[in-house]
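Read off the chains here:
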Amino acid sequence: MASPLTSSPTSMETTHRWEQRRWLTFLVAFIAVLVPSMLWALASPIGSVPDEPSHAIKAAAVARGELVPGPWAGNPTLTAATVPENIANAHDLVCFAFKPEVTADCQLPVRNTDQTLVTTGTSAGLNSPVFYVLVGWPSLFLTGDAAFFGMRIAGAVLCAMALGIMFMQLTLLPRFRWAVAGAAIAVTPMVVYLAGSINPNGLEVAAAGGLFATLLATFRGRQVGRRLVEQAGFALLTASFLISTRSISLLWLLVIALVAMLLGERDRILRLFRTPIAWALVLALGVVGIASVLWYLNPPTLAAQTPPSAVSPVSLAFVFLFTELQTVDFLFGMVGVFGWVDTSAPSLTIAAWTSCITLLVAVALLWGKRSTKWAIWVLLAVCILVPGITQVAVYAQHGFIWQGRYMLAIFICLLIAAGVALDDAGLGADGRVRHFVTGAYAFLFLGHLLAFVMVLRRYIVGANGSLSDMVFTDGWEPPFGWKTLAIIFLVDSVLTVVLLRRVFVRSAGAEITRDDQLVTPAERLETAEIERLEPDSVPQPRNRT
């Protein structure tokens, strides 16, 4: 049997097959992510995603050429936006925000489908216009509610594209069984929910995963020639998506590049940076990054929403400590806190993800190689410390604003890195492990489905409303009806579990026997050394006559 730390010919052949059909992998992953994202886009009432009205107004305005807005006369703390009255009316549709028992029926009296252009204000005016150009164009030819759903679906397509790139790139690694498993766990209900909304947070998360996977495949793979050009194109696309979302994404870009190099092969990285393709990529990213920095350094002049207050160092220390103590709550937020932070995912959904996340990261830190473990520790430190540092920086003017979903971009990289650690450690999968992982996938996607149905329940009959009323009485309904959407979600979940199991079973990676399943590479080397020094301790085959 080949050493678990070296690629066998069979493993090499398997890797080559996955590389040949990489575009099929991308297409399957794209559809698998796009379907639930579109279902969330249809199931969520308009304006039910945090700050979605402001993002929708900004997107419609940018699509009509308003790239550099000025302050709005009605409220100088907001930027002006000229959009159809129907879209300007979006702020009036959030009548259920922070009121879990108020259903989406409350929107009916304030519906407005007038397409007359009016000027209103948006709190998203300081954001880079790139994201809004990409999602705002459907509002140019769609009217009424269809304009909102069109912009949501445009965003869902972009997110599915970036996550499809992520899964495709992971299958280009020499070993990728556990890396793909980590990526699948990282696509929490919150990730798919944000993908189906008008909110740059969704594209930020998807682009971070796509960029990290692309850099890993480039720094650890065997791509040369035209394949390097393809890799550079994916890196530029996903990095540009990432930079165009939020100002903090520039920090995410630096962290992702650093960790990817930590996990890469040093000799290959040095060779890559001697190629014209690498320098062309660096130059292109530099142009995109500088343009983004210039935008954030020269924002429109607005009145301060809240004047900064004097805060003592002792108070700031308390703010940092209090924020750090909410780390577990932020983890729950990354799994699923929906609506205007007023609807939590069901307990079973939270349990599914917290158990899988804890197990994956703990085993990776226990058995991973030293270089890989350093990468995991770096990402863990970022996930834990950045919320507290950021909260201290903005507390004087904005108070406590941090939410768990803000760290999803690094969280998805953390779980991929944990999977890479297990692949590097040579952890294979016998029959028992395959059954366990299949069961874990089924558990996770049951959590996806429960979160989807329970959020629908919140808007149909209220957070504590009767399930029988939800099924048998008339109330608010999303397009095509909630039962139809739930059935499609169920079918998609089952098919996705089957696909993920197939990838896990047939993925490239070193295999180990059942007896070695719980033995680390270091322990196997130690055992081999003992057997060499004490040959009498090794059972000898019985002599047959």
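Overview of the structure.

The geometry of an aromatic ring pair is captured by two quantities: the separation of the ring centres and the angle between the planes. Counting across every chain of the model gives 18 aromatic pairs. Ring geometry for F131 versus Y132: centroids 5.2 Å apart, planes at 80°, classification edge-to-face. Residue F131 is classed as buried on the basis of its relative accessible area of 2%. A relative accessible area of 0% means that Y132 is categorised as buried. An aromatic cluster of at least three residues, connected via ring pairs, comprises W40, Y193, F338, F452 and F489.

Along the polypeptide, D492 turns up in helix α21 (residues 482-506). Through-space distance from the C-alpha of D492 to that of V35 is 7.3 Å; in sequence the pair is 457 residues apart. When near neighbours in sequence (up to four residues on either side) are disregarded, D492 contacts A32, V35 and P36.

What follows covers unusual backbone geometry. The phi dihedral of F98 is positive, around 65°, even though this residue is not glycine. By the secondary structure assignment, F98 is in the loop between α4 (85-88) and β3 (117-122). You will see that F480, though not glycine, has its phi angle at about 75°, which is positive. The class of F480 is exposed, set by a relative accessible area of 67%.

Here we come to the state of the cysteines. Per the stated rule, a full pass over the model turns up one disulfide. Each sulfur of the disulfide joining C95 and C106 lies 1.9 Å from the other. Between C95 and C106, the disulfide has an S-S torsion of 85° and is therefore right-handed. One end of the pair, C95, is in the loop between α4 and β3; the other, C106, is in the loop between α4 and β3, and eleven residues separate them in sequence. Among the residues examined, C95 registers a relative accessible area of 23% and is labelled partly exposed. Look at C106 and you get partly exposed, because its relative accessible area is 23%.

With that out of the way, let us pick up a nonpolar patch on the surface. On the surface, L24, L27, V28, I31 and L499 cluster together into a nonpolar patch covering about 410 Å² of accessible area. Top contributing element to the nonpolar patch by residue count: helix α2 (residues 22-43), with four residues. By the secondary structure assignment, L499 is in helix α21. Accessibility expressed as a relative area gives 38% for L499, which makes it partly exposed.

Time to look at the environment of D267. You can see D267 is positioned in helix α12 (residues 266-272). Look at D267 and you get exposed, because its relative accessible area is 55%. With 47 residues separating them in the primary sequence, D267 and R220 have C-alpha atoms 9.9 Å apart.

Each value, and the rule that gives it
- Residues numbered from 1 in each chain as written.
- Predicted model: local features only at pLDDT ≥ 70, side-chain atom pairs only at ≥ 80, totals over all residues.
- Heavy atoms only, no water.
- Phe/Tyr/Trp six-rings, centres within 6.5 Å; stacked < 30°, edge-to-face > 60°.
- Buried < 20%, exposed > 50% of the residue type's maximum accessible area, 1.4 Å probe, protein only.
- Helix = DSSP H or I, 4+ residues; strand = E, 2+ residues; numbered from the N terminus.
- Contact = heavy atoms within 4.5 Å.
- Disulfide = S-S within 2.5 Å.
- Patch = residues over 30% accessible without salt bridge, like charges linked within 9 Å, V, L, I, M, F, W, Y side chains within 5 Å.
- Areas by Shrake-Rupley, 256 points an atom, 1.4 Å probe, with all protein chains shown as cover.
- Salt bridge = Lys/Arg side-chain N within 4 Å of Asp/Glu carboxyl O.

Take it as geometry only, folks, not as evidence of what the structure does.
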